[in-house]
Amino acid sequence: MKLREKIKNLYPYQKNLLRAGCVLLALFLVYNLGWAIWREVRYGDFKKAVGYSEEYQSWETQKDGWLFTVFPARYLRFNGNLSTANEQGEGLIIWPQPAGGYKYAAIFYTGTIMTDMGPSDSYITIAMDENCNWTDEGNAGYGDAEKALLRERKADVEVWLAAANEVWDLS
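The rules behind each value
Residues numbered from 1 in each chain as written. Predicted model: local features only at pLDDT ≥ 70, side-chain atom pairs only at ≥ 80, totals over all residues. Heavy atoms only, no water. Helix = DSSP H or I, 4+ residues; strand = E, 2+ residues; numbered from the N terminus. Rg over C-alpha atoms; globule rule 2.2 N^0.38 Å. Buried < 20%, exposed > 50% of the residue type's maximum accessible area, 1.4 Å probe, protein only. Contact = heavy atoms within 4.5 Å. Areas by Shrake-Rupley, 256 points an atom, 1.4 Å probe, with all protein chains shown as cover. Lys, Arg positive; Asp, Glu negative; His and termini not counted. Charge placed at Lys NZ, Arg CZ, Asp CG, Glu CD. Salt bridge = Lys/Arg side-chain N within 4 Å of Asp/Glu carboxyl O. Phe/Tyr/Trp six-rings, centres within 6.5 Å; stacked < 30°, edge-to-face > 60°. Pairing = 2+ DSSP bridges.

> Even after reading the chapter, I still don't get the overall build of the protein chain, so can you show me in this structure?
In terms of regular secondary structure, the protein chain is built from 4 helices and 7 strands. Secondary structure elements of the protein chain occur, N-terminal to C-terminal, as α-α-β-β-β-β-β-β-β-α-α. Over its C-alpha atoms the protein chain spans a radius of gyration of 23 Å, topping by over 25% the 16 Å that the globule rule assigns to 171 residues. With the C-alpha coordinates aligned to their principal axes, the bounding extent of the protein chain is approximately 75 × 40 × 35 Å. Within the span of the protein chain, comprising 171 residues, buried residues form 33% of the whole. Considering only intrachain contacts with a sequence separation of at least 6, the fraction spanning at least 24 residues in the protein chain is 38%. Accessible surface computed for the protein chain: about 11500 Å², of which carbon and sulfur atoms make up 55%. Once the 18 positive and 22 negative side-chain charges of the protein chain are each reduced to a mean point, those two points are 22 Å apart.

Dropping the structure here:
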């Protein structure tokens, strides 16, 4: 029996279920295609700027003592990031926003701590705006000490941001 005949012989509720399933499948396929195009448009230039490292199997490059890495958004997600790190592990995390613009955070080395596995480097991540100023969004639980740290290290963060702009042109 041919497919057309099988469909013709379905009950009305079965035909409606089949139509609904086809519509949902089509919507899912369109969403996937739209997401794939968005991801390539949003992260394509960032990836080209650093190139693909076969050794580490990631989008990254080293330049002037800095490691620049691109983590494109994962399947059907919109939250990839760009990161920079100097030899001490300090740097930036930059989140490209889906509709344009960026969110920023600075990563500062705070010393060595003892863990069950032995000594470990400790870092703090502080959210900031594009001018390297404190933002309340993303800094829940932080207080005056973290604000002061960001103020004290603002010149360093501005240098880090300039280095990121050289590679990715975040304007």
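After presenting the structure, the write-up continues.
> Looking at this structure, how should I read the pattern of salt bridges?
When the charged atoms of two side chains with opposite charge come close together, those side chains can pair. Under the definition given, this model contains 5 salt bridges. Among the ionic pairs, R153 bridges to E90, the shortest N-O distance being 2.9 Å. With R153 in the loop between α3 (144–152) and α4 (154–168) and E90 in the loop between β4 (81–85) and β5 (91–96), this residue pair connects regions lying 63 residues apart in the sequence. If you follow the salt bridges from partner to partner, you end up with E90, R153 and D156 in one network.

> Just checking my understanding: could you explain unusual backbone geometry for this structure?
Across residues other than glycine, the phi torsion is negative in most instances, and most of the peptide bonds are trans. Non-glycine residue D64 carries a positive phi angle of around 55°. The class for D64 is exposed, based on a relative accessible area of 68%. Positive phi, close to 60°, is recorded for L76, a residue that is not glycine. Looking at the element boundaries, L76 is found in the loop between β3 (66–71) and β4. What makes L76 partly exposed here is its relative accessible area of 22%.

> Can you help me understand the packing of aromatic side chains in this one?
Aromatic rings considered in pairs are described by the distance between their centres and by the relative angle of their planes. All chains considered together, the criterion is met by 13 aromatic pairs. Aromatic side chains W38 and Y43 sit 6.0 Å apart centroid to centroid with 80° between the ring planes, which places their arrangement in the edge-to-face category. Each member of the pair, W38 together with Y43, is buried. Between Y43 and F46, the aromatic rings sit 6.1 Å apart at their centres with planes inclined by 75°, giving edge-to-face as the arrangement. A residue pair is termed a helical-turn pair when its members lie 3 or 4 positions apart in one helix, as Y43 and F46 do in helix α2 (residues 12–50) at 3 residues. Members of the aromatic cluster, joined through ring pairs, are W38, Y43, F46, F78, Y102 and Y104.

> Whenever I open this one, the pairing of strand β7 (residues 118–128) confuses me. Can you help?
For a regular strand, side chains alternate in direction, first toward one face of the sheet and then toward the other. Pairing of strand β6 (residues 102–115) with β7, which is carried by 11 bridges, proceeds in the antiparallel orientation. Within β7, the position partnered with A105 by the bridge is A127. Hairpin remark: β6 followed by β7, antiparallel, with 2 residues in the connecting loop.

> Sorry, what's going on with the side chain of N81 here?
Mapping N81 onto the fold places it in strand β4. The exposure class of N81 is buried, given its relative accessible area of 18%. Filtering out sequence-adjacent residues up to four positions away, N81 remains in contact with Y43, T69, V70, F71, I93, I94, W95 and P96.

> Just to check I follow, could you spell out the environment of I7 for this structure?
Within the secondary structure layout, I7 lies in helix α1 (residues 3–8). In this structure, the C-alpha to C-alpha distance between I7 and L18, residues 11 residues apart in sequence, is 9.1 Å. Sequence-distant contacts of I7, defined by excluding residues within four places in its chain, comprise K15 and L18.

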